[in-house]
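Working through the structure, step by step
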Amino acid sequence: MIDPARWPAYGTVFSHLVSDESLEELHAFARATGIAPNAFDGDHYDVPVSMYEDLVAAGAQEVSGSELVRRLVKSGLRITAAERSSKLEKILHQRFSRLFPSTSELERDPICDALLERWDEDHRHYHDLTHLMSVLKNIEYLERQGESMGPFPRAVKLAAWFHDAIYRADPMHPPGQDEEDSARLAERVLPELGVPGPEILETGRLIRLTFTHDPIEEDSGGKVLIDADLEVLARSSGAYQRYRDGVRKDFQKVSDEDFVAGREKFIRGMLAQNPIFNTHTGRKRWERPARRNLMSELYPRRGKPLS
């Protein structure tokens, strides 16, 4: 789809070119019509008015700006302004500050800045600032729904901040090493912010739990953190596809064959959990769509397995 050219820049005006089916379809159309790769901006291509008629002739559907946005949002492929990096960093800074109301900016900001730099590393495509923000928002949602956060509610949020702080996605590292290193980072840093010892121990434990995603029944804080982390499995088909694409890019060092094998193992492991989600809210809201998405990925074409 393409909207009218009305966005001024560089001495001309631009349209937005999008797909409400998949990013693969969008990128393929862009390549076929000669759109420069650097014109892509997360969920759309910016195209100058000089290309408008050729793109329509090539098959782009003309729609109004409001219709384009409506259909992109419905598809789950829309990236909101709040999800874009510059906005996110400001919002995340504010959230981090609220966790430490009694500390000064001089104590707090350097640690927050270092964390955000880690989450914004170039090799991250899914496990990035957007994922961090999503997990934090999901925790708050579960808390508002009345889910217990355990004996140290702040530790659940601190664990979210640190759980992928070290993320290499490197097949040369043993499984669980990133989670272990992230937990150790939290255990080194949090004393500088005046966090009490028992709360630091709980934060480290919760971070390590994100490797297995398997909290015990009595682990209220763990159940909230893991459900918040796995909520992405229950999103609309378009948003789920964006998640899948991001994960594949994260593991670009892994061969296609090894990635497919590892992904299938993950999916089957998730489906074997009954239920996938641990909190009452998670099971009620996310269980069915998550199973539908996982099954669709495992058997994408009439029962043929993932390949």
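The text that follows walks through the structure, step by step, so that each part is easy to find. Since the model is a prediction, treat every value here as computed from it, not as a measurement. (Residues numbered from 1 in each chain as written. Predicted model: local features only at pLDDT ≥ 70, side-chain atom pairs only at ≥ 80, totals over all residues. Heavy atoms only, no water.)

On to the overall build of the protein chain. Along its length, the protein chain carries 13 helices and three strands. In summary, the protein chain has a C-alpha radius of gyration of 21 Å against a globular reference of 19 Å for 307 residues, a match within 12%. Projected onto its principal axes, the C-alpha positions of the protein chain cover 65 × 50 × 40 Å. For the protein chain, the residues scored as buried account for 47% of the 307 residues in total. Expressed as a percentage of contacts within the protein chain between residues at least 6 apart in sequence, the contacts between residues at least 24 apart total 64%. Within the structure as shown, the protein chain displays about 15900 Å² of accessible surface, and the carbon and sulfur contribution to it stands at 52%. (Helix = DSSP H or I, 4+ residues; strand = E, 2+ residues; numbered from the N terminus. Rg over C-alpha atoms; globule rule 2.2 N^0.38 Å. Buried < 20%, exposed > 50% of the residue type's maximum accessible area, 1.4 Å probe, protein only. Contact = heavy atoms within 4.5 Å. Areas by Shrake-Rupley, 256 points an atom, 1.4 Å probe, with all protein chains shown as cover.)

Mapped onto the fold, His16 is located in strand β2 (residues 12–17). Within polar-contact distance, the side chain of His16 engages the side chain of Trp7 at 3.4 Å. His16 has contacts with Met1, Ile2, Asp3, Trp7, His44, Tyr45, Asp46 and Leu68, leaving out every residue within four places of it along the chain. (Polar contact = N/O pair within 3.5 Å; in protein donor to acceptor, adjacent residues only side chain to side chain.)

Attention shifts here to the pattern of salt bridges. Side chains that differ in charge, positive against negative, can pair when their charged atoms come close. Inspection of every chain in the model, using the stated rule, returns 22 salt bridges. For Arg71, the salt bridge identified is with Glu67, shortest N-O distance 4.0 Å. Of this pair, Arg71 and Glu67 both sit in helix α3 (residues 65–75), four residues apart, which is roughly one turn of the helix. Residues Asp256 and Arg248 are paired through a salt bridge, measuring 2.7 Å at the closest nitrogen-oxygen approach. Classification of Asp256 as exposed rests on a relative accessible area of 56%. A single network of salt bridges, built from pairs that share partners, joins Asp20, Glu67, Arg70 and Arg71. (Salt bridge = Lys/Arg side-chain N within 4 Å of Asp/Glu carboxyl O.)

A few words on the sheet that holds β2. Strands sit in the order β1-β2-β3 across an open sheet of three strands; the sheet is antiparallel. The open sheet has two edge strands, β1 (7–9) and β3 (45–48), and neither has a second partner. For this sheet the average axis-to-axis angle between neighbouring strands, irrespective of direction, equals 45°. Both β2 and β3 contribute to a ladder of four bridges, which runs antiparallel. The residue of β3 that forms the bridge with His16 is Asp46. (Pairing = 2+ DSSP bridges. Axes fitted to C-alpha atoms, helices over the stretch in contact; angles between N-to-C directions.)

On to helix α9 (residues 197–212), then. Over its 16 residues, α9 runs 24 Å from end to end, which matches the ideal 22 Å to within 8%, given 1.5 Å per residue. Where α9 is concerned, the buried positions are Glu199, Ile200, Glu202, Thr203, Gly204, Leu206, Ile207, Leu209 and Thr210. On its buried side, α9 packs onto α7 (153–162), α8 (177–189) and α10 (220–230). Phi turns positive one or two residues past the end of α9, at His213, with a value near 55°. (Expected span 1.5 Å × (residues − 1).)

With 62 residues, the main nonpolar core has Leu92, Ile139, Trp161, Phe162, Leu190 and Leu233 as its most contacted residues. For this core, the leading source of residues is helix α6 (residues 129–144), giving eight residues. Apart from the residues lying within four places of it in its own chain, the contact partners of Leu92 are Leu116, Leu129, Leu132, Met133, Leu136 and Trp161. Counting residues in hydrophobic clusters, the runner-up holds 20 residues, among them Tyr52, Ala60, Leu68 and Leu72. (Core = buried A, V, L, I, M, F, W, Y, C linked by side-chain atoms within 4.5 Å.)

A separate point is the environment of Leu225. Looking at the secondary structure, you find Leu225 in helix α10. Overall, Leu225 belongs to the buried group, its relative accessible area being 0%. Linking Leu225 and Thr279, residues 54 residues apart in sequence, is a C-alpha distance of 9.9 Å. Excluding residues within four positions of it along the chain, Leu225 makes contact with Val135, Ile139, Val156, Ala159, Ala160, Leu206 and Thr210.

This next bit is on unusual backbone geometry. In this chain, Asn274 is followed by Pro275 through a cis amide linkage whose omega measures 5°. As for its placement among the helices and strands, Pro275 is situated in the loop between α12 (256–272) and α13 (280–298). Of note in this structure, Ala169 is not a glycine but carries a positive phi near 50°. Assignment of secondary structure puts Ala169 in the loop between α7 and α8.

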